[in-house]
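# Structural characterization, general
Listed below, chain by chain, are the residues.
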Amino acid sequence: MTYREVRQLIPAQEITEGAGVTVRRTLGTPARRNLDPFLLLDHFSSDDPDDYIAGFPDHPHRGFVTFTYMLDGHMLHRDSMGNQGDLQSGGAQWMKAAGGVIHSEMPQQSAGLMRGFQLWINLPASDKLSAPAYQEFSAAAFPVHREPGLEVKVLSGEHAGLCGPVEDPHTRVQYLDVSLEPGRCFEHDLPVTHTAFLHVFEGAVEVAGTGVPAHSLAVLDTGERVGVTAGEAGARLILVAGQPIGEPIAQYGPFVMNTQDEIHQAMRDYRDGRLVQQRADVIRD
């Protein structure tokens with residue numbers, strides 16, 4: 001069994017997005033523009049409503065998927081096709097923007113807390129202009145594997161015989177939320193073809209001899225298994241893996257296509273009000 005080592009360690013950078021919201025970004029920075037099939041990872045976290053009350057007003061997406069996971073607090077969202085909802089603490093939303101979505105996201109506190117992740121996942125050229133779709137699940141929909149000193153929540157993919165409800169058909173994404181007590185080890189098998197990373201957001205861990213502190217993303221090398229050991233304060237992290245798409249990536253802000261000509265077309269469509277033309281399929285638990 002080959003264990004994956006750390007290929008690159010990326011400290012989070014503070015980025016201002018939306019109407020002035022500060023997020024910690026790892027993927028999608030000069031340190032790592034993308035990690036096929038993943039395009040961007042933002043961690044948002046604050047106990048001060050002034051940091052995020054303006055939220056993320058109406059903005060467009062085309063050509064990719066957003067995967068939003070709320071750790072604490074909740075997120076009010078709506079789109080130009082009439083879909084709306086309130087993503088609660090512990091819940092997750094998979095939104096395929098594909099041909100075009102214009103939506104808003106307004107983060108809210110619960111019990112004084114608001115934090116979560118948003119991951120962007122690429123789409124193949126064959127699906128970039130397809131109809132939008134949503135999968136949205138509450139915390140109760142996600143199975144949790146528990147052992148002494150270890151808790152693994154399965155959002156997507158499989159661990160210890162438990163399957164997460166979120167499905168990404170093109171990349172077969174695995175997405176785990178892992179909590180570890182001090183010194184506890186965690187292991188998980190991964191397809192050798194999958195790109196993988198982990199992001200530590202509480203405590204610190206060691207992976208194959210490399211230390212990974214809080215608010216850092218570790219790009220993992222190839223191998224069949226990942227092994228993680230928590231530091232003296234314990235740790236909490238997300239482990240994410242997916243099948244690479246292997247196509248050219250052309251990106252301009254919220255538009256991700258295969259060529260610059262397609263980016264220019266997306267900008268024209270947004271300018272001329274043609275970005276959203278189809279209604280979305282919605283799956284909720």
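Okay, so let's go over this structure. Quick caveat, the model's predicted, so the values are computed rather than measured.

### Quick word on helix α1 (residues 260–271)
- The end-to-end C-alpha distance of α1 is 17 Å, a good match for the 16 Å that twelve residues give at a rise of 1.5 Å each.
- Every buried residue of α1 is accounted for by Ile263, Ala266 and Asp269. Angularly, the buried residues of α1 cover 120 degrees about the axis, an arc narrow enough to put them on a single face. Exposed and oriented more than 90 degrees from the buried face of α1 are Asp261 and Arg271.
- Of the surrounding secondary structure, the elements contacted by the buried residues of α1 are β23 (250–252) and β24 (255–257).
- After α1 finishes, the residue glycine 273 shows a positive phi value of roughly 75 degrees.

### Some thoughts on the pattern of salt bridges
- Under the definition given, this model contains 15 salt bridges.
- Note that arginine 274 and aspartate 269 form a salt bridge whose closest N and O atoms lie 2.8 Å from each other.
- Here arginine 274 falls in the partly exposed class, since its relative accessible area comes to 34%.
- Its salt-bridge partner being arginine 271, residue aspartate 272 comes within 3.0 Å of it at the nearest N-O pair.
- For aspartate 272, a relative accessible area of 39% puts it in the partly exposed group.
- One network of salt bridges, with partners in common, ties together Arg62, Asp269, Arg271, Asp272 and Arg274.

### Concerning the side chain of histidine 103
- Along the chain, the position of histidine 103 falls in strand β10 (residues 101–108).
- Under the relative-accessibility criterion, histidine 103 is labelled buried at 2%.
- Here histidine 61 takes part through its side chain, which lies 3.2 Å from a polar atom of the side chain of histidine 103.

### Structural notes on the pairing of strand β6 (residues 64–72)
- Among the nine residues of β6, nine are classified as buried, and the element is accordingly described as predominantly covered.
- Across eight bridges, β6 lies against strand β11 (residues 114–122) in antiparallel orientation. Residue pairing across strands places valine 65 opposite isoleucine 121, the latter belonging to β11.
- With five bridges connecting them, β6 and strand β9 (residues 92–96) associate as antiparallel partners. Its bridge partner lying in β9, tyrosine 69 is registered against alanine 92.

### Some details on the sheet that holds strand β7 (residues 74–79)
- One open sheet accounts for four strands, arranged β5-β10-β7-β8; its pairing is antiparallel. At either margin of the open sheet sits one strand with a lone partner, and together these are β5 (56–61) and β8 (84–87). Geometrically, the sheet is characterised by an average inter-axis angle of 25 degrees between neighbouring strands, direction not taken into account.
- Relative to β10, β5 runs antiparallel, the two sharing four bridges. Bridged to histidine 59 within β10 is histidine 103.

### Observations regarding the packing of aromatic side chains
- Applying the stated rule across the entire model yields seven aromatic pairs.
- Judged by centre distance (4.6 Å) and plane angle (25 degrees), the rings of phenylalanine 67 and tyrosine 175 are stacked. Of the two residues, phenylalanine 67 sits in strand β6 while tyrosine 175 sits in strand β17 (residues 174–180), which places them 108 residues apart along the sequence. The pair formed by phenylalanine 67 and tyrosine 175 is uniform in burial state, with each residue classed as buried.
- By way of ring pairs, the aromatic residues Phe67, Tyr69 and Tyr175 are connected into one cluster.

### So, the side chain of aspartate 72
- Examined against the element boundaries, aspartate 72 turns out to sit in strand β6.
- Under the relative-accessibility criterion, aspartate 72 is labelled buried at 16%.

### Here's the deal with unusual backbone geometry
- At the junction of aspartate 36 and proline 37, the peptide bond is cis and its omega measures out at 15 degrees in the coordinates.
- Along the polypeptide, proline 37 turns up in the loop between β3 (21–25) and β4 (38–46).
- Even without being glycine, alanine 208 reaches a positive phi, approximately 50 degrees.
- Looking at where alanine 208 falls in the secondary structure, it is placed in the loop between β19 (195–207) and β20 (210–212).
- According to the relative accessible area criterion, alanine 208 is partly exposed, its value standing at 46%.
- Unusually for a residue other than glycine, histidine 215 sits at a positive phi of about 60 degrees.
- Here histidine 215 is to be found in the loop between β20 and β21 (216–220).

Conventions used here
Residues numbered from 1 in each chain as written. Predicted model: local features only at pLDDT ≥ 70, side-chain atom pairs only at ≥ 80, totals over all residues. Heavy atoms only, no water. Helix = DSSP H or I, 4+ residues; strand = E, 2+ residues; numbered from the N terminus. Expected span 1.5 Å × (residues − 1). Buried < 20%, exposed > 50% of the residue type's maximum accessible area, 1.4 Å probe, protein only. Arc of directions from axis to C-beta. Contact = heavy atoms within 4.5 Å. Salt bridge = Lys/Arg side-chain N within 4 Å of Asp/Glu carboxyl O. Polar contact = N/O pair within 3.5 Å; in protein donor to acceptor, adjacent residues only side chain to side chain. Pairing = 2+ DSSP bridges. Axes fitted to C-alpha atoms, helices over the stretch in contact; angles between N-to-C directions. Phe/Tyr/Trp six-rings, centres within 6.5 Å; stacked < 30°, edge-to-face > 60°.

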